[in-house]
Amino acid sequence: MRNLLDRMHVWMTDYMKSFYSDDEEVQQGILIKEKHTGYVTSNCVELAKNLNLSTHDTELSEMIGLFHDVGRFRQYQIYKTFNDADSEDHADLGIKVIGELEFFREISEEDYEIVIFAIQNHNKKIVAETDDERKLLFAKIIRDADKLDIYRVLEPFLAQSNVNKMPNFIRSNTDAYNPEISPDFVENFISGKQADYRKIRTGGDRKIVRLMWLYDINFAWTMKKIVERGYIEKIVGNLPQNEKILEGVRKLRDLVTKKCSED
């Protein structure tokens, strides 16, 4: 599979560069997604190795990481946004792109189904039900690898003083300048329920959603990386400090400690 993967990397590099633009904002968006693709692919490989997966499964994880956001580029070309709610689900769009690529016919039917399932579910609120443990494993790997890097992408824009530097395609149509958190998002935070990112209304809501991702981290390796890089404390430090938020933070820290101790 290594030779095939090398050809896939060459194709993906050329594909991403084909979306380069003289428009400064468009180019910024494409470069962010290009860099994100590289980091997520590396995260998938490192996580697979940490899980002691076979060479074949490690390379399959790499393939999934490489193509997980392939739909983002066509999404931005067509809709001029990375907001799925305002355009088209980028994972579903990515499946359409993959279906057009001849070299996916070179992998087994089982591997192809795993790739499709993992990519289709990498951005969903919950993973679709399946009795196939391998499909579920690879979906968990890409979800962890993706979240780990999105924390890196968003870190520079956490402080309220840096909100004005946030690109429009990240701000979307939310009131990013408002640090307050909507009441329903506060309740989700306290109860440990995943918040619906499509209902984000303020900059504070967006921060809460990022913290709630921690309830969906699957592997100790990922959680440890998130902790080591200080992402959690940086987000917490930029939240309004009140009794309800502090209660949610205490529960969250208990969860993080438990996850980190799993291996």
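Below: a short report on this structure. (Residues numbered from 1 in each chain as written. Predicted model: local features only at pLDDT ≥ 70, side-chain atom pairs only at ≥ 80, totals over all residues. Heavy atoms only, no water.)

Some points on the overall build of the chain
Piece 1. Tallying secondary structure elements over the chain gives 13 helices and zero strands in all.
Piece 2. For the chain, the C-alpha radius of gyration of 18 Å lies close to 18 Å, the compact-globule estimate for 263 residues.
Piece 3. Based on the C-alpha atoms only, the size of the chain along its principal axes is roughly 55 × 45 × 30 Å.
Piece 4. The contacts in the chain between residues at least 6 apart in sequence include a share of 67% that link residues at least 24 apart. (Helix = DSSP H or I, 4+ residues; strand = E, 2+ residues; numbered from the N terminus. Rg over C-alpha atoms; globule rule 2.2 N^0.38 Å. Contact = heavy atoms within 4.5 Å.)

Observations regarding a negative patch on the surface
Piece 1. Where like charges cluster on the molecular surface, the negative patch consists of Glu129, Asp131, Asp132 and Glu133.
Piece 2. Take Asp132: it is sitting in the loop between helix H6 (109-120) and helix H7 (133-154).
Piece 3. Taking the relative accessible area as the measure of exposure, Asp132 reaches 31% and is therefore partly exposed. (Patch = residues over 30% accessible without salt bridge, like charges linked within 9 Å, V, L, I, M, F, W, Y side chains within 5 Å. Areas by Shrake-Rupley, 256 points an atom, 1.4 Å probe, with all protein chains shown as cover. Salt bridge = Lys/Arg side-chain N within 4 Å of Asp/Glu carboxyl O. Lys, Arg positive; Asp, Glu negative; His and termini not counted. Charge placed at Lys NZ, Arg CZ, Asp CG, Glu CD. Buried < 20%, exposed > 50% of the residue type's maximum accessible area, 1.4 Å probe, protein only.)

Re the packing of aromatic side chains
Piece 1. Taken as a whole, this structure holds 13 aromatic pairs when the rule is applied.
Piece 2. Between Tyr151 and Trp213, the aromatic rings sit 5.7 Å apart at their centres with planes inclined by 75°, giving edge-to-face as the arrangement. Taken together, the residues Tyr151 in helix H7 and Trp213 in the loop between helix H10 (203-212) and helix H11 (220-228) connect sequence positions 62 residues apart. Considered together, Tyr151 and Trp213 belong to a single accessibility category, that of buried residues.
Piece 3. Where Tyr151 meets Tyr231, the ring centres are 5.8 Å apart and the plane angle is 15°; that geometry is what we call stacked. Of this pair, Tyr151 sits in helix H7 while Tyr231 sits in helix H12 (residues 231-236), and the two are 80 residues apart along the sequence. (Phe/Tyr/Trp six-rings, centres within 6.5 Å; stacked < 30°, edge-to-face > 60°.)

Side note on the environment of Glu129
Piece 1. With respect to the secondary-structure elements, Glu129 resides in the loop between H6 and H7.
Piece 2. A residue is classified by how much of its surface remains accessible, and Glu129, at 82% relative accessible area, is exposed.
Piece 3. A C-alpha to C-alpha distance of 38 Å links Glu129 and Glu25, two positions 104 residues apart in sequence.

Looking at the nonpolar core
Piece 1. Counting 67 residues, the largest nonpolar core has Met8, Met63, Phe67, Phe104, Leu211 and Leu214 as the members making the most contacts within it.
Piece 2. Once residues within four sequence positions are removed from consideration, Phe67 is found in contact with Met8, Trp11, Met12, Ile98, Leu101, Phe103, Phe104 and Ile119. (Core = buried A, V, L, I, M, F, W, Y, C linked by side-chain atoms within 4.5 Å.)

Quick word on the side chain of Asn121
Piece 1. Secondary-structure assignment places Asn121 in the loop between H6 and H7.
Piece 2. Engagement of the side chain of Asn121 in a polar contact is seen with the backbone nitrogen of Ala128, the distance being 2.9 Å.
Piece 3. In this view, Asn121 contacts Ile126, Val127, Ala128 and Arg143; residues no more than four positions away in its chain are not counted. (Polar contact = N/O pair within 3.5 Å; in protein donor to acceptor, adjacent residues only side chain to side chain.)

Section: the side chain of Asp89
Piece 1. Structurally, the position occupied by Asp89 is in the loop between helix H4 (70-79) and helix H5 (90-99).
Piece 2. A polar side-chain atom of Asp89 sits 2.9 Å from the main-chain amide nitrogen of Ala91.
Piece 3. Among the polar contacts made by the side chain of Asp89, one reaches the main-chain amide nitrogen of Asp92 at a distance of 3.1 Å.
Piece 4. In this structure, Asp89 is in contact with Asp84, Asn123 and Lys124, ignoring residues within four places of it in sequence.

Quick word on H5
Piece 1. Within H5, seven of the 10 residues are buried, which leaves it mostly tucked inside the rest of the structure.
Piece 2. For H5, the complete set of buried residues consists of His90, Ala91, Leu93, Gly94, Ile95, Val97 and Ile98.
Piece 3. Turning to H5, the residues buried within the fold contact helix H1 (2-17), helix H3 (55-67), H4 and H6.
Piece 4. Where H5 begins, the capping side chain belongs to Asp89, and its oxygen is found 2.9 Å from the backbone nitrogen of Ala91.

Re the state of the cysteines
As used in these notes, a disulfide is a covalent bond between sulfur atoms, one from each of two cysteines.
Piece 1. Evaluation of the coordinates by the stated rule reveals zero disulfides.
Piece 2. Cysteine Cys44 shares no disulfide, and the gap to the nearest cysteine sulfur, in Cys260, comes to 19 Å. (Disulfide = S-S within 2.5 Å.)

Examining H3
Piece 1. The terminal C-alpha atoms of H3, which comprises 13 residues, lie 19 Å apart, in line with the 18 Å expected from a rise of 1.5 Å per residue.
Piece 2. When you tally the buried positions in H3, you get 11 out of 13 residues, the bulk of the element.
Piece 3. Check the buried side of H3 and you find it contacts H1, helix H2 (24-50), H4, H5, H6 and H7. (Expected span 1.5 Å × (residues − 1).)

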